[in-house]
Amino acid sequence: MTHEARARLRALSELAAALAAVRTRREVAEVIVEESTRATGADTCTLYELDAARETLTLVAHRGYAPEVLTRIGRITATEGSKALFDAMQQRAPVWVESEADYARLYPELAAVISPSPRGRAFWCVPLAAEDRLVGVLGVGYCEPRAFPDDERSFIETLCRHAAESYLRASRFEHED
């Protein structure tokens, strides 16, 4: 087993252990963002929850975003925020952006936001689905362009399945109480 494979396995184990120790959606969201940022070496991270009507993604946890960007991404619907991201989530399709050019092409309104803080040049957003139910979207960004090879994409999708299951579990716990 390679060093990189061991590190990914360790990251998934640490995520599972951290998620086993929390119960509420808020706690789960914080763990998902913290562990996902660390496990993927990301500069930024967002976690969105999908409402019951499947019409609105609401930002529930984040790391590393400039305030100018946060005001634009706090709520995403089919008509506001990022239509391209909302459409991809509805289709359960991950979004992989490897360069500034890809970013500007897919999300021109966000790429145009002026901020004194470093901005993402590559990112991914993966719909969170558990038990055939969409629960939200997890996304991380990087300040430098980067490729996402197949093995990294598989790791990220596995991480997102764990995140989705935990978020759904926490939602159920909260509704039982």
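The structure under discussion appears in the preceding block.
Going along each chain's sequence as written, the residues are numbered from 1 onward. Where local features are concerned, this predicted model is filtered to residues with pLDDT of at least 70; where side-chain atom pairs are given and counted, the filter is 80 or more; whole-chain, interface and lining totals use all residues. As a rule here, side-chain values cover all heavy atoms of the structure and leave hydrogens and water aside.

> Explain the packing of aromatic side chains here, please?
Ring pairs are drawn from Phe, Tyr and Trp, using the six-membered ring of Trp, whenever the two centres fall within 6.5 Å, and their geometry is named by plane angle: stacked under 30 degrees, edge-to-face over 60, tilted for the rest. Tallied over the entire structure, the rule returns six aromatic pairs. Centre to centre, the rings of Trp96 and Phe148 are 5.6 Å apart; their planes meet at 45°, and the pair counts as tilted. Taken as a pair, Trp96 in strand S4 (residues 95-97) and Phe148 in the loop between strand S6 (133-142) and helix H7 (150-176) lie far apart in primary sequence, 52 residues in all. Each residue is placed in one exposure class: buried if its accessible area under a 1.4 Å probe, protein chains only, is under 20% of its type's maximum, exposed if it is over 50%, and partly exposed if it falls in between. The class for Trp96 is buried, based on a relative accessible area of 17%. With a centroid separation of 5.2 Å and 80° between ring planes, the pair formed by Tyr103 and Phe123 is classed as edge-to-face. Here the residue Tyr103 occupies a position in helix H5 (residues 100-106), and Phe123 occupies one in strand S5 (residues 122-130), the gap between them amounting to 20 residues. Each helix is a run of DSSP H or I of at least 4 residues and each strand a run of E of at least 2, with the numbering of both proceeding from the N terminus.

> When you look at helix H4 (residues 83-90) in this model, what are you seeing that I'm missing?
Listing the buried residues of H4 in full gives Leu85, Phe86, Ala88 and Met89. Burial along H4 is one-sided: seen end-on, the buried residues are contained in an arc of 160°. Whether two residues are in contact is decided by their heavy atoms, any of which lying within 4.5 Å being enough. The inward-facing, buried residues of H4 contact strand S1 (44-50), strand S2 (57-63), strand S3 (75-76), S4, S5 and S6. The positive-phi residue at the C-terminal boundary of H4 is Arg92, with phi of around 60°. The arc in question is the one traced by the directions running from the helix axis out to the C-beta atoms.

> Any chance you could explain the environment of Thr79 here in plain terms?
Among the structural elements, Thr79 can be located in the loop between S3 and H4. Residues Thr79 and Gly120, spaced 41 residues apart in sequence, show a C-alpha to C-alpha distance of 23 Å.

> What am I meant to see in unusual backbone geometry here?
Both trends apply: most residues other than glycine have a negative phi, and most peptide bonds are in trans. With a phi close to 60°, Arg54 is a non-glycine residue in the positive phi region. Topologically, Arg54 is positioned in the loop between S1 and S2. Although it is not a glycine, Glu131 sits at a positive phi angle of roughly 50°.

> Is there a simple way to explain the pattern of salt bridges in this structure?
The term salt bridge refers to a side-chain nitrogen of Lys or Arg lying within 4 Å of a carboxyl oxygen of Asp or Glu. Using the criterion set out here, one finds 18 salt bridges in the structure. For Asp87, the salt bridge is made with Lys83, and the minimal N-O distance between the two is 2.8 Å. Taken together, the positions of Asp87 and Lys83, both in helix H4 and four residues apart, correspond to about one turn of that helix. Classification of Asp87 by relative accessible area gives partly exposed; the value is 28%. For Arg172, the salt bridge goes to Glu131, with nearest N and O atoms at 2.6 Å.

> I keep staring at the pairing of S2 and nothing clicks. Help me out?
When a strand is regular, its side chains alternate between the sheet's two faces. Bridging between S1 and S2 involves six bridges; their strand directions are antiparallel. Paired with Tyr48 across the strands is Leu59, a residue of S2. Counting the residues in the hairpin turn of S1 and S2 gives six residues, including Arg54, whose phi is positive at 60°. Two strands qualify as a pair provided DSSP detects at least 2 bridges between them. Note that S2 and S3 share two bridges and pair antiparallel. Note on S3: the bridge partner recorded for Leu57 is Ile76.

> How do you make sense of the sheet that holds S1 when you look at a structure like this?
Consider a sheet: its strands pair through backbone hydrogen bonds, and that pairing is either parallel or antiparallel. With antiparallel pairing, the six strands of this open sheet are ordered in space as S3-S2-S1-S6-S5-S4. Of all strands in the sheet, those with a lone pairing partner are S3 and S4, marking the two edges. Here, axes are lines fitted to C-alpha atoms. For helices the fit covers the stretch in contact, and angles between N-to-C directions go from 0 to 180 degrees. The strands touched by H4 within the sheet are S1, S2, S3, S4, S5 and S6, with S6 carrying the most contacts at an inclination of about 130°.

> Would you mind going over empty space enclosed by the protein with me for this structure?
Any space left empty among the atoms is revealed by the rolling of a water-sized probe across them. Here a cavity denotes grid points, spaced 1 Å and computed from the protein atoms alone, that fit a 1.4 Å probe unable to get out, and a pocket denotes an open set having protein on both sides within 12 Å along at least 5 of 7 lines; residues with an atom within 4 Å of a point are the lining. Grid points are joined across faces, edges and corners, and a volume is the space filled by probe spheres set on the points. Going through the model one piece at a time under the given rule, you end up with one cavity of 30 Å³ or more. There is about 330 Å³ of room inside the largest cavity. Lining the largest cavity are 24 residues, with Tyr65, Val69, Ile73, Tyr103 and Leu110 positioned closest to its centre. Only S1, helix H3 (67-73), S5 and S6 provide two or more residues apiece to the lining of the largest cavity. Gly is placed with the polar residues, together with every amino acid not listed as nonpolar (Ala, Val, Leu, Ile, Met, Phe, Trp, Tyr, Cys and Pro) or charged (Asp, Glu, Lys and Arg). Looking at side-chain class alone, the lining of the largest cavity contains 13 nonpolar, nine polar and two charged residues.

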